[in-house]
Amino acid sequence: MSDPWSRTLAGRPRQGQAAERTRRTSMADVEAFTAITGDRNPLHYDAALAAASPFGGLIVQGGVTSGLLNAVVAENLPGPGTVFLGVEWRFVKAVRVGEEITARVEVTSVRDDKPICTLATTVRNAAGEDCLTGTAVTWTAPLRPQG
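Residue positions are counted from 1 within each chain, in the order its sequence is given. Local features in this predicted model are restricted to residues whose pLDDT is 70 or higher, and side-chain atom pairs enter the listing and the counts only when it is 80 or higher, whereas totals over whole chains, interfaces and linings include all residues. Side-chain numbers come from the whole structure's heavy atoms, not from hydrogens or water.

### Description of helix α1 (residues 27-37)
Among all positions in α1, only Asp 29, Val 30 and Thr 34 are buried. Along α1, the residues classed as buried sweep out an arc of 135° about the axis, all on the same side. Across α1 from its buried face, at more than 90 degrees, point the exposed residues Ala 35 and Ile 36. Residues are treated as being in contact if the distance between any of their heavy atoms lies within 4.5 Å. Where helices and strands are cited, they refer to DSSP runs of H or I of at least four residues and of E of at least two residues respectively, numbered from the N terminus. At its buried positions, α1 is contacted by β1 (18-24), α2 (42-45) and α4 (62-75). Looking one or two places after α1, you find Gly 38, whose phi comes out positive at around 85°. We call a residue buried when its accessible area falls under 20% of the maximum for its residue type, exposed when it is over 50%, and partly exposed in between, using a 1.4 Å probe and counting protein chains only. Here, the arc refers to the directions that run from the helix axis to the C-beta atoms.

Printed below as a string of structure tokens:
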């Protein structure tokens, strides 16, 4: 039987391998997410209301926070052609507008028979506090180089 990972540009990930991406959130992120989803929660837009909330200021939507994990998975590890089959995420701390966050994935298991991985996933703020924790299962589509 051929190795299903041999048909992917990403190649076979290894248990313990990790990748991360860092970016600063912005109101442009909030507005783009709203344009896609219609989420106009005042905690994302009303500065006075958000300042008086337990969050102490404007926060980005959870999809903005978790979206950085999409980029890590699709671009870094497992890499191009990878999609989520399932996720189990807990949003444990809100991310404020303007806050720098780092999304990290670590391979915890790799199937031998299919290009499927299980990943530990986290998003942390610049202070190192967990904002999102959990796991994801991914599948990497067989891709062929163009040209």
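### Thoughts on unusual backbone geometry
Trans peptide bonds make up the majority, and among non-glycine residues the majority have a negative phi. Looking along the chain, the bond that leaves Leu 77 and enters Pro 78 is cis, with omega of 0°. As for its placement among the helices and strands, Pro 78 is situated in the loop between α4 and β2 (82-91).

### Some remarks on the packing of aromatic side chains
Classification of ring pairs rests on two measures: the distance between centres of Phe, Tyr or Trp rings, Trp counted by its six-membered ring, which must be within 6.5 Å, and the angle between planes, read as stacked under 30 degrees, edge-to-face over 60 and tilted in between. Within this structure, the stated rule accounts for 1 aromatic pair. Geometrically, the ring pair formed by Phe 84 and Trp 89 is edge-to-face, given 5.6 Å between the ring centres and 90° between the ring planes. A relative accessible area of 26% means that Phe 84 is categorised as partly exposed. Either the NZ atom of lysine or the CZ atom of arginine qualifies as a charge over a ring when it sits within 6 Å of the ring centre and within 35 degrees of the ring normal. Across from the ring centre of Tyr 45, 5.7 Å away, lies the NZ or CZ of Arg 40, which sits over that ring.

### Quick notes on the UniProt feature "domain: MaoC-like" (unreviewed entry) in the protein chain
UniProt positions are given in the numbering used here, feature names are shortened, and annotations may be inferred rather than shown by experiment. Taken from the UniProt record, the annotation "domain: MaoC-like" (unreviewed entry) applies to residues 12-120. Helix makes up 32% of residues 12-120 and strand 30%, and the two end C-alpha atoms of the span are 17 Å apart.

### Considering the nonpolar core
Only buried residues count toward a nonpolar core. Its members are Ala, Val, Leu, Ile, Met, Phe, Trp, Tyr and Cys residues joined through side-chain atoms within 4.5 Å. Counting 21 residues, the largest nonpolar core has Leu 69, Ala 103, Val 105, Leu 119 and Val 123 as its most contacted members. Elements represented by at least two residues in this core include exactly α4, β3 (100-110), β4 (116-125) and β5 (130-140). A per-element tally of this core places α4 first, with 5 residues. Apart from residues lying up to four places away in sequence, Ala 103 is in contact with Ala 19, Glu 20, Arg 21, Leu 68, Leu 69, Val 72, Thr 122 and Val 123.

### Comments concerning the environment of Thr 121
Position of Thr 121 among the secondary structure elements: in strand β4. Residue Thr 121 is classed as buried on the basis of its relative accessible area, which comes to 2%. Once the C-alpha coordinates of Thr 121 and Gly 134 are considered, the two residues, 13 residues apart in sequence, prove to be 5.3 Å apart. Setting aside chain neighbours within four positions, we find Thr 121 in contact with Leu 69, Trp 89, Arg 104, Val 105, Leu 132, Thr 133, Gly 134, Thr 135 and Ala 136. Here the side chain of Thr 121 touches Trp 89 through a polar contact of 2.9 Å, side chain to side chain. Nitrogen and oxygen atoms within 3.5 Å of one another constitute a polar contact, given that in protein one can donate a hydrogen and the other can accept it, and given that sequence-neighbouring residues count only through two side-chain atoms.

### A word on the side chain of Thr 102
Looking at where Thr 102 falls in the secondary structure, it is placed in strand β3. A distance of 2.7 Å separates the side chain of Thr 102 from the side chain of Thr 22, its partner in a polar contact. Setting aside residues no more than four positions away along its own chain, Thr 102 makes contact with Glu 20, Arg 21, Thr 22, Thr 122, Val 123 and Arg 124.

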